[in-house]
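Take a look at the letters that make up each chain.
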Amino acid sequence: MRVLLVDDEEELVSALAERLSLRGIDADWVCTCYGALERVEVKTFDIAVLDVKMPKMSGLELKRRLQEKCPDMKFIFVTGHGSEDDFRAALTEAGTAYYLVKPLNIQTLIDKMSQALKG
Amino acid sequence: MSIMSIFKRLKPDFWDHGDTGTERFKHLFNFRRIWKLTVALTAGVALSPVISMAIFDYNVTHDATESEIVLRTSRLVSNSRRTVSFFLSGRKAALDFIVHHHTFKDLKDPATLTELLEALQKAFTGFTDLGLIDASGRQRTYVGPFKLVGKDYSGQEWFEEVLARGVYISDVFLGYRQLPHLVIAVKHSLPDGSFYVLRAALDTQQFNHLLSELKVSGGGDAFIVNRQGTIQTPTRWHGKVLEKMSLPVPGYSPETRVLQYQGVGGEPLVVGYAYIAESPFILMIVKHWDELMKPWYKTRKELFAFLAASITVVLLVILGVATYLVNKIHDADEKRVTTLHHMEYSERMASIGRLAAGVAHEINNPLAIINEKAGLIHDLFILKEEYAGDQKLIGLVESVQSSVERCGAVTRRLLSFARHMDVDSRPVKFKELIEEVLGFLGKEAEYRGIKVNVEVREIPTIESDRGKLQQILLNLVNNAFAAMADGGHLDIKVHQRSAESISVKVTDNGCGIPERDLERIFEPFFSTKKTKGGSGLGLSITYGLVRELGGDMRVESAVGKGTSFTVTLPLEAKQRKRLDT
């Protein structure tokens, strides 16, 4: 499983990526949307975990851009802000199952990723 | 019923509003002052013409009545004067006629004089005797009841006067038979310069009759006095004949005059009088003022009654209209204030929601980092051999993780609360909703030792506005907490009531609500907590929210035992379109 983690909080994604790596998952991380768009050019990922609220470009917008480049990629949204709008938008984009609220439980995240890949 | 309780019953709602200033949103107006101003102004404008017309009318009719009385008295006096004058001049003319048509010689003959007296008595009643007096003042012939032949009148006052003026009419006097009499004498001058006088006495019965026949209105009296004020003809009120009259003698006037006098007892009198020419007499007509004014007093009474009735009706109408209008303004303003309160309340809830969301978000990100770092440390201890083994450190990290999880639970709850501030109808799971609400109040319950028992029977998921339901429950639970002492017991029971509705019952064992307050408890601004800063709106807003969701709310309470609010909600809330979404 090759995972791309995108979040503007570097401390968060780096630790998360390391934790996933410890569990044998190939996890890459970037801190900006543009970083993510560049990274998919050079490497193929099965799934992307996106923060909904990021500077310059939202997670939803990023998802559309990534999907254009890699149509097979699956997505999981993560948010620290449970606002109604985010919630509804993410629901329509990804379905309830793939929407997680921070702070994350690592096991839940892994389970969701496996589900997403299977679905 | 005492006056105070009548006033209390009549007192309009606005009376105590608007001038207290203790309420958070003040009324725009001082209703009591508006009311007073309206009443004073309209009453002034409406009543002043009525009152001034009444005063004007009073004066006009009063003056007219007075001048009418004066005029009528004056007319009566004039007529009576003519009658009296005519009476006297008639008798004087008869004597004149006799002296002109008989010679002194004829008259000296007692037989002729007797004949003449008899003729006079026939033609004019009242003649009692007749005497002929020569120029020296000696009575030459006399016919009548007395023996007066040869009586010398020279030097007597009346004889002097008849000599000087040719005619004399005496005052009334008591004759020899103790009957009132008056004397008329005429002088006849002969061409040779000599003269003689014919003198006749008249009893005054006829004279009296003239006046007693007069009908004088107003308890009045017609009589004659001489110029010294001695009464000459009988009077009903003012003294006996030949005594001084009780009134002062009016001043000389050639014409009829009317004066106002005070009677002996101080009663007002109208006195009309006339000096009768060529006689010592004054004709007096005296009337009682109050008697004459009686018809006017009646009119005056009617005028006052009419005025009082008009003023009462006008005032009642003004009071009614002013009260009605000010009440309407008050109602409108009350509505405005309630809306403001409601808005402020919703605003405040929304602000709390936004604040909660903001705080949760800000905390969530660092929390997520802590979570990942601690997770990483934990992973390293467990998964990497070079770090493995230290159970104490693993324990510490796990405790960090579990604390983070607790924080996460709190922020999630805050976010969920904020999320539901928006208004929308969506499926609601009641059990979750109650737990969410109790999540906010759980700490208070714990500190105060309040036991909360939640019982949710099998109920379908309902379609309703989650935020509003949250507010309703929060308000009810808050109220219950406020009513209970520490260590109280709160019951929340939810069950399906019918195919279309569920009921939520919140029961506390607090202080309860007195019966007289129960009816008013959902009214805006009704508060028993006002001194403690309650706005008196919590329950009214709650009630409003329940109604908005198409539900109903009831309350039962017993003082000292507790209160129970039952909210009935439809399974599907009636959708109310919101303008702002």
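Just so you know, these numbers come straight off a predicted model, no measurement behind them.

Peer 1: Please provide a residue-by-residue account of the packing of helix α2 (residues 31–101) of chain B against helix α6 (residues 205–212) of chain B, values included.
Peer 2: All names here are of chain B. At a minimum axis separation of 10 Å, α2 and α6 run at an interaxial angle of 160 degrees. One element, α2, and the other, α6, form an angle in the roughly antiparallel class. Judged by the twist between their axes, the crossing of α2 over α6 is right-handed. The residues of α6 that touch α2, namely those facing T83, V84, F87, L88 and R91, are Q206, F207, L210 and L211. Among the residues making up the contact of α2 with α6, the classes are represented as six nonpolar, two polar and one charged.

Peer 1: Give a detailed account of the nonpolar core, specifying residues and quantitative values.
Peer 2: Residue and element names in this part refer to chain B. Of all hydrophobic cores here, the largest spans 41 residues; its most connected members are F430, L469, L490, I502 and V504. Elements with a minimum of two residues in this core: α9 (430–448), α10 (466–483), β14 (489–496), β15 (501–508), α12 (538–548), β16 (552–558) and β17 (562–570). For this core, the element with the most residues is α10, which contributes eight residues. In this structure L490 touches I450, K451, V452, N453, V477, A480, F481, M484, V506, T507 and D508, once residues within four positions along its chain are discounted. Of all hydrophobic cores here, the second largest spans 38 residues; its members include V143, A222, I276 and L283.

Peer 1: I'd love a proper account of a negative patch on the surface, names of residues and values included.
Peer 2: Residue and element names in this part refer to chain B. A cluster of acidic residues, D106, D109, E115 and E118, forms a negative patch on the protein surface. Following the sequence through the fold, E115 ends up in helix α4 (residues 110–123). We classify E115 as exposed; its relative accessible area is 59%.

Peer 1: Quick rundown of the environment of H330 of chain B? Include the residues and the values.
Peer 2: Looking at where H330 of chain B falls in the secondary structure, it is placed in helix α7 (residues 289–383). Expressed as a C-alpha distance, the spacing of H330 of chain B and F31 of chain B, which sit 299 residues apart in the sequence, is 7.1 Å.

Peer 1: Which residues make up the sheet that holds strand β3 (residues 47–51) of chain A, and what values do they have?
Peer 2: All names here are of chain A. Pairing within the open sheet is parallel, and its five strands lie in the order β2-β1-β3-β4-β5. Both outer strands of the open sheet, β2 (26–30) and β5 (99–101), are each paired with one neighbouring strand and no more. Neighbour-to-neighbour, the strand axes of the sheet open up by a mean angle of 20 degrees, direction not taken into account. Two elements, strand β1 (residues 2–6) and β3, share four bridges in a ladder whose sense is parallel. By the bridge assignment for β3, L4 is matched with A48. Packing of helix α1 (residues 10–22) onto the sheet brings it into contact with β1 and β2, and relative to β2 it is tilted by some 170 degrees.

Peer 1: Which residues make up the sheet that holds strand β12 (residues 451–456) of chain B, and what values go with them?
Peer 2: Residue and element names in this part refer to chain B. One open sheet holds the five strands; their spatial order is β12-β14-β15-β17-β16, and the pairing between them is mixed. Of all strands in the sheet, those bounded by a partner on one side alone are β12 and β16. Each adjacent strand pair in this sheet contributes to an overall mean axis angle of 10 degrees, direction not counted. Pairing analysis gives six bridges linking β12 to β14, with the strands arranged parallel. The residue of β14 that forms the bridge with N453 is D491. In the packing of α10 onto the sheet, the strands contacted are β12, β14, β15, β16 and β17, and the crossing angle to β15 comes to about 20 degrees. The strands that α12 touches are β16 and β17; relative to β16, the one it contacts most, it runs at about 140 degrees.

Peer 1: Explain the interface of chain A and chain B to me, and be specific about the residues and the numbers.
Peer 2: Contacts between the two partners involve 21 residues from chain A, matched on the other side by 25 residues from chain B. Applying the counting criterion to the chain A and chain B interface returns four salt bridges. Salt-bridge contacts for E372 of chain B lead to R19 of chain A; the nearest nitrogen and oxygen are separated by 3.1 Å. Linking chain A with chain B are eight residue pairs in polar contact (both at pLDDT 80 or more). Among the elements of the structure, α1 and α4 (84–94) of chain A are those that each provide at least two residues to the side of chain A that touches chain B. Here the side of chain A that touches chain B gets eight residues from one element, more than from any other, and that element is α1 of chain A.

Peer 1: Can you lay out empty space enclosed by the protein for me, pointing to particular residues and giving the numbers?
Peer 2: All names here are of chain A. With the rule as written, the count across this model stands at four cavities of 30 Å³ or more. Its boundaries defined by the atoms lining it, the largest cavity holds a volume of some 70 Å³. Forming the walls of the largest cavity are L5, V6, D7, L12, V13, L16, V49, L50, D51, V78, K102 and L104. Going through the elements one at a time, β1, α1 and β3 are the ones with two or more residues in the lining of the largest cavity. Here the lining of the largest cavity is built from residues that sort into nine nonpolar, no polar and three charged.

Peer 1: Now, about the packing of aromatic side chains: what can you tell me, with residues and values included?
Peer 2: Residue and element names in this part refer to chain B. Inspection of the entire model under this criterion finds nine aromatic pairs over all chains. On the numbers, 5.1 Å between centres and 70 degrees between planes, the contact of Y153 with W158 is edge-to-face. Seen in terms of ring centroids, Y252 and Y275 are 4.8 Å apart; in terms of plane orientation they differ by 75 degrees. Their pairing is edge-to-face. With Y252 in the loop between β7 (221–226) and β8 (257–262) and Y275 in strand β9 (residues 268–275), this pair connects stretches of sequence that are 23 residues apart.

Peer 1: Requested: an account of a nonpolar patch on the surface, with residues and values cited.
Peer 2: Together, V313, V317, V321, Y324 and L325 of chain B line one region of the surface with nonpolar side chains, adding up to about 480 Å² of accessible area. Along the chain, L325 of chain B turns up in helix α7.

What counts and what doesn't
Residues numbered from 1 in each chain as written. Chains lettered and ligands numbered in written order. Predicted model: local features only at pLDDT ≥ 70, side-chain atom pairs only at ≥ 80, totals over all residues. Heavy atoms only, no water. Axes fitted to C-alpha atoms, helices over the stretch in contact; angles between N-to-C directions. Helix = DSSP H or I, 4+ residues; strand = E, 2+ residues; numbered from the N terminus. Parallel < 35°, antiparallel > 145°, perpendicular 65-115°, else oblique. Left-handed = near helix turned anticlockwise from the far one by under 90°. Contact = heavy atoms within 4.5 Å. Nonpolar A, V, L, I, M, F, W, Y, C, P; charged D, E, K, R; others polar. Core = buried A, V, L, I, M, F, W, Y, C linked by side-chain atoms within 4.5 Å. Buried < 20%, exposed > 50% of the residue type's maximum accessible area, 1.4 Å probe, protein only. Patch = residues over 30% accessible without salt bridge, like charges linked within 9 Å, V, L, I, M, F, W, Y side chains within 5 Å. Areas by Shrake-Rupley, 256 points an atom, 1.4 Å probe, with all protein chains shown as cover. Salt bridge = Lys/Arg side-chain N within 4 Å of Asp/Glu carboxyl O. Lys, Arg positive; Asp, Glu negative; His and termini not counted. Charge placed at Lys NZ, Arg CZ, Asp CG, Glu CD. Pairing = 2+ DSSP bridges. Polar contact = N/O pair within 3.5 Å; in protein donor to acceptor, adjacent residues only side chain to side chain. 1 Å grid on protein atoms, 1.4 Å probe; cavity = no way out; pocket = protein on both sides within 12 Å on 5 of 7 lines; lining within 4 Å. Points joined across faces, edges and corners; volume = space filled by probe spheres on them. Phe/Tyr/Trp six-rings, centres within 6.5 Å; stacked < 30°, edge-to-face > 60°.

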